[in-house]
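Descriptive structure summary
Each chain, letter by letter, is given below.
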Amino acid sequence: MADAATVLSEVSPATEAWYNKKFMSQVVPQLVSYQIGQKQNEFVLPGGVGRIVYYVRYLPLAANTTAQTEDTTGGITADQFTTQEISATVKIYSGYGESSQMVEMAALKADDERFNGRVAVMANKMALTLDTIIRNAVAPAITQRRADKDTAFQKTAKTASAAGTTTTLIDTVNLTEANDYWLGALITFTGNTKNYGLVRRVTDFVNSTGTLTFAAVNIATGTNDTYDICIGTGTNDSDNLTSGNIMNAVFFLNRNKGMDFKGNTKVGILSPYTEADLWQDETFRQVATHQNEKRLMYNEIGTWCGVNWLRASEWARMDETGSVSSAGFHCVPIFARECFGNVKIEGGDKKLYIRSWEQLGEKVPMTGTIGYQFTYVPIVLNGAWGVNLLCGSNQG
């Protein structure tokens, strides 16, 4: 709905550029999830057929215990970086608001006090939009774990008992539950294959053959492939975030050879619900209050259990079907480096657009607009390097 305040006439390119810089300086500090991901520039494809971004998916290298010898190669074989190049087509996102022409016309100038507030509100909207896109893409594509560690609904480091296909895994030894028991669970592939780090939602489970079905992975599953599986069934409000389940999540990231961020920590995100619960821990409260004030990321709260915690206005919630849902369980994501990828938004194309009533082609002074437009696509690169901890909250 239009509001009656700001007066717009012809907006000069210099003025628009000034506000664009101010706009981005307010957007970036609010991007909680964005700062965690691998950042790549997009490319415009020839012939105007679209814009694309390339990400690199890294897999861990095995240890080398061969001693070096005195020859040209040192007696050792060079490692080949186990990587996969992943491409994704970016999408365009935008939003705008109207300002009604209700007072005497006056040309908009830089740092207009009346207009700065609108820039701040629009910056908040773009930041919220971008972070929401990230969490909705990332939450169902990283390893899922339960705060209550209930082994009836999650299994860890299990091994396939027979060869499957690109859409099935067979384990008659560990998967003995009733038909469709694991429907909606998330399975993470942890074996040393090209499927390492892929996460898939289970769409079918057959008890008689111990067969899980899911969307296709890179190669057919084989005997001795290892995996983790977790479903949210039975999670409730009393399953709060604690030091114990945080350390358990960090254990999985370390076991999966997840790399640390600067500062030798993993990075976690707290919603208002889960943050309120964590602040009830007296030890965390003391550490977060008295630690060094030097910050490495925006929106830092404190470091605890080897995790640098960031504050967000919300994070995706997951339901029992393995899908993002506003009515689902609370989730606390914890990331190692290179878990997911981003399109770099700093620099490059202009993001903020200001248009006066004249530029909009109106016959008489009526409304002006302020809006943004950006291109973006997030993608999970290694789901074994992120953990989504399903939990409850005392806050509801």
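The preceding data block contains the structure.
Residues numbered from 1 in each chain as written. Predicted model: local features only at pLDDT ≥ 70, side-chain atom pairs only at ≥ 80, totals over all residues. Heavy atoms only, no water.

A look at the overall build of the chain
- Along its length, the chain carries five helices and 24 strands.
- With 396 residues in all, the chain has 48% of them scored as buried.
- Across the chain, contacts joining residues at least 24 apart in sequence account for 78% of those joining residues at least 6 apart.
- Surface summary for the chain: the accessible area is close to 18,400 Å², and the carbon and sulfur share equals 53%. (Helix = DSSP H or I, 4+ residues; strand = E, 2+ residues; numbered from the N terminus. Buried < 20%, exposed > 50% of the residue type's maximum accessible area, 1.4 Å probe, protein only. Contact = heavy atoms within 4.5 Å. Areas by Shrake-Rupley, 256 points an atom, 1.4 Å probe, with all protein chains shown as cover.)

Section: the packing of aromatic side chains
- One pass over the full model with this rule turns up 11 aromatic pairs.
- Here the aromatic rings of Tyr-181 and Trp-182 are separated by 5.1 Å at their centres, their planes lie at 75°, and the arrangement is edge-to-face.
- On the accessibility criterion, Tyr-181 (28% relative accessible area) is partly exposed.
- Here Trp-182 falls in the buried class, since its relative accessible area comes to 0%.
- Sitting over the face of the ring of Tyr-34, Lys-39 holds its NZ or CZ atom 4.9 Å from the ring centroid.
- In this structure, Arg-317 packs its charged tip against the face of Tyr-273, placed 5.8 Å from the ring centre. (Phe/Tyr/Trp six-rings, centres within 6.5 Å; stacked < 30°, edge-to-face > 60°. Lys NZ or Arg CZ within 6 Å of the ring centre and 35° of its normal.)

A word on the sheet that holds strand S7 (residues 143-146)
- Strand order in the open sheet formed by six strands is S7-S24-S19-S16-S18-S17, with mixed pairing between adjacent strands. Two strands in the sheet have a free side with no partner beyond their single neighbour: S7 and strand S17 (300-304). Each adjacent strand pair in this sheet contributes to an overall mean axis angle of 25°, direction not counted.
- In the sheet, S7 pairs with strand S24 (residues 386-391) via four bridges, with the strands oriented parallel. From the neighbouring strand, Thr-143 faces S24, where its bridge partner is Val-387.
- Packing against the sheet, helix H3 (residues 243-255) makes contact with S7, strand S16 (266-270), S17, strand S18 (307-311), strand S19 (330-335) and S24, and its axis sits at approximately 155° to S24. (Pairing = 2+ DSSP bridges. Axes fitted to C-alpha atoms, helices over the stretch in contact; angles between N-to-C directions.)

Things to note about the sheet that holds strand S23 (residues 379-380)
- As summarised here, the arrangement of the three strands in space is S2-S20-S23, forming an open sheet in which the pairing is mixed. At either margin of the open sheet sits one strand with a lone partner, and together these are strand S2 (38-40) and S23.
- Pairing of strand S20 (residues 340-343) with S23, which is carried by two bridges, proceeds in the antiparallel orientation. The residue bridging Phe-340 from the neighbouring strand is Val-380, located in S23.

Digging into unusual backbone geometry
- Residues other than glycine seldom take positive phi values, yet Lys-149 does so here, at roughly 55°.
- Residue position: Lys-149 is located in the loop between S7 and strand S8 (154-159).
- Overall, Lys-149 belongs to the partly exposed group, its relative accessible area being 39%.
- For Lys-257, which is not glycine, the phi torsion reads 65° and is therefore positive.
- Within the fold, Lys-257 resides in the loop between H3 and S16.

Re the pattern of salt bridges
- Under the counting rule described, the total for this entry stands at seven salt bridges.
- Two residues, Lys-155 and Glu-177, come together in a salt bridge whose shortest N-O distance is 3.2 Å. Taken together, the positions of Lys-155 in strand S8 and Glu-177 in the loop between strand S10 (168-170) and strand S11 (186-189) put the pair 22 residues apart, joining distant regions of the chain.
- Take Lys-155: its relative accessible area is 14%, and that puts it in the buried class.
- Ionic pairing is found between Arg-255 and Asp-228, a salt bridge with its closest N-O pair at 2.6 Å. With a gap of 27 residues between them, Arg-255 in helix H3 and Asp-228 in strand S15 (residues 226-230) connect regions that are remote in the sequence. (Salt bridge = Lys/Arg side-chain N within 4 Å of Asp/Glu carboxyl O.)

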